[in-house]
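One letter stands for each residue in the lines below.
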Amino acid sequence: MVARIWRTAHAARQALLDLLFPPRCIVCRSADPAWFCPACRAQVEKILPPLCDRCGRHLHRQECPYCRKLPLTIYGIRAIAFFEGNLRRAIHTFKYEPRPELAGVLGQMLSDYLAAHSLPVDVVTAVPLHAERERARGFNQALLLARALGARQNLPVWDSALARVRATRSQVELDAAERHANVQEAFAAEARVAGMRVLLIDDVCTTGATMDACTAALKQRGAKSVWGLALARGR
Ligand SMILES: [Zn+2]
Ligand SMILES: [Zn+2]
């Protein structure tokens, strides 16, 4: 009963807010129920083949120089688009304003990608956020994306398949090798991932170090395969 009153009150408050501040595209400010309009989404620059099979970067030559220098153990990482322009702005607003409502439209982009490029997956999970950061933000953006994707693709989402067991430094200032060292053994996985083909979701992938450290934890528990899917990555 209390829950129902609470839900009704919440819905009424949301309806009032939408009336006072109708949803607008976070880029061009045109009225848009998803907060990121189709025209602004169409301008997002997709990462097109040829790709490195492993890290998913656009390849200019035969052998991927990044993977030769620092081999990944994850089966493969794919990202939809470059972390630039409108998508960068959308992800930034989603995380830092924050505007968790954007998970719907961003999850739809992941879903569209997966529909067009199938990846082997039994279960979806997200790169866990450091507990302190999650408390400060109020949500884990990667998990909201994983849930939005799972709902659209009818895939189970395991919220707690991975946990951060060690605090890590911010990766921003670190080079690729330092990033890998920084996240080594930072994660642990649940036993139930054994035999599962796991799809790991993150908002942004840089060197792949974090996804690779998650992969190590999942493989330690016997996951059959691990693929990573991110909205965006750097060039
Ligand atoms: Zn727009
Ligand atoms: Zn590569």
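Parameters at a glance
- Residues numbered from 1 in each chain as written.
- Chains lettered and ligands numbered in written order.
- Predicted model: local features only at pLDDT ≥ 70, side-chain atom pairs only at ≥ 80, totals over all residues.
- Helix = DSSP H or I, 4+ residues; strand = E, 2+ residues; numbered from the N terminus.
- Rg over C-alpha atoms; globule rule 2.2 N^0.38 Å.
- Buried ≥ 20, exposed ≤ 12 C-beta atoms within 10 Å, placed from the backbone.
- Contact = placed C-beta atoms within 7 Å.
- Pairing = 2+ DSSP bridges.
- Axes fitted to C-alpha atoms, helices over the stretch in contact; angles between N-to-C directions.
- Core = buried A, V, L, I, M, F, W, Y, C linked by C-beta atoms within 7 Å.
- Expected span 1.5 Å × (residues − 1).
- Left-handed = near helix turned anticlockwise from the far one by under 90°.
- Nonpolar A, V, L, I, M, F, W, Y, C, P; charged D, E, K, R; others polar.
- Parallel < 35°, antiparallel > 145°, perpendicular 65-115°, else oblique.

A. Fine view of the overall build of the chain. A tally of regular secondary structure across the chain gives nine helices and six strands. Against the globule reference of 18 Å for 235 residues, the chain gives a C-alpha radius of gyration of 18 Å, in line with a compact fold. By the burial criterion, 37% of the 235 residues in the chain qualify as buried. Of all intrachain contacts in the chain linking residues separated by at least 6 positions in sequence, the fraction that spans at least 24 positions is 71%.

B. Structural detail: the sheet that holds strand β5 (residues 197–205). In space, the four strands of this open sheet follow the order β1-β6-β5-β2, with parallel pairing throughout. Each having just a single partner strand, β1 (76–82) and β2 (123–126) make up the two edges of the open sheet. Pairwise comparison of adjacent strand axes, ignoring direction, gives a mean angle of 25° for this sheet. Here four bridges tie β2 to β5, and the two strands are oriented parallel to one another. When the bridges of β5 are listed, Val 123 appears paired with Val 198.

C. Spotlight on the nonpolar core. Counting residues in hydrophobic clusters, the biggest one holds 61 residues, and the most contacted among them are Leu 106, Leu 145, Ile 201 and Leu 231. Counting residues per element, this core draws most heavily on helix α7 (residues 141–153), which supplies seven residues. Excluding anything up to four places from it in sequence, Leu 106 contacts Ala 90, Phe 94, Leu 145 and Leu 231.

D. Here's a closer look at α7. Its 13 residues place the ends of α7 18 Å apart at the C-alpha level, agreeing with the 18 Å of an ideal helix rising 1.5 Å per residue. Taken residue by residue, α7 has Gln 141, Ala 142, Leu 143, Leu 144, Leu 145, Ala 146, Ala 148, Leu 149 and Gly 150 as its buried positions. Elements in contact with the buried residues of α7: α4 (85–96), α5 (103–116), β2 and β5. Backbone geometry just downstream of α7 places Asn 154 in the positive-phi region, at approximately 60°.

E. Focus on the packing of helix α8 (residues 176–183) against helix α9 (residues 209–220). Where α8 contacts α9, the two axes come as close as 9 Å, and the packing angle between them is 35°. Crossing geometry of α8 relative to α9 is assigned as right-handed. Residues Ala 176, Arg 179, His 180 and Val 183 of α8 pack against Ala 209, Thr 210, Asp 212 and Ala 213 of α9. In the contact of α8 with α9, the residues fall into four nonpolar, two polar and two charged.

F. Highlighting the environment of Pro 65. Mapped onto the elements, Pro 65 comes out in helix α3 (residues 65–69). Between the C-alpha atom of Pro 65 and that of Cys 52, which follows or precedes it by 13 residues, the distance is 9.6 Å.

G. Representation of the packing of α5 against α7. Orientation of α5 relative to α7, taken along the N-to-C sense of each, is 55°, at an axis distance of 8 Å. By the angle between their axes, α5 is oblique relative to α7. Crossing handedness for the pair α5 and α7: right-handed. Of α7, the residues touching α5 (which contributes Ala 103, Gly 104, Leu 106, Gly 107, Gln 108, Leu 110, Ser 111 and Leu 114) are Leu 144, Leu 145, Ala 148, Leu 149, Arg 152 and Gln 153.

H. Representation of unusual backbone geometry. With an omega of 5°, the peptide bond running from Pro 49 to Pro 50 counts as cis. Among the secondary structure elements, Pro 50 is positioned in the loop between α2 (38–42) and α3. Cis geometry marks the peptide bond from Glu 97 to Pro 98; its omega dihedral reads -20°. Even without glycine at this site, Arg 29 takes up a positive phi of about 70°. Tracing the sequence through the fold places Arg 29 in the loop between α1 (2–20) and α2. Backbone geometry places Glu 185, a non-glycine residue, at a positive phi of 55°. Structurally, the position occupied by Glu 185 is in the loop between α8 and β4 (187–189).

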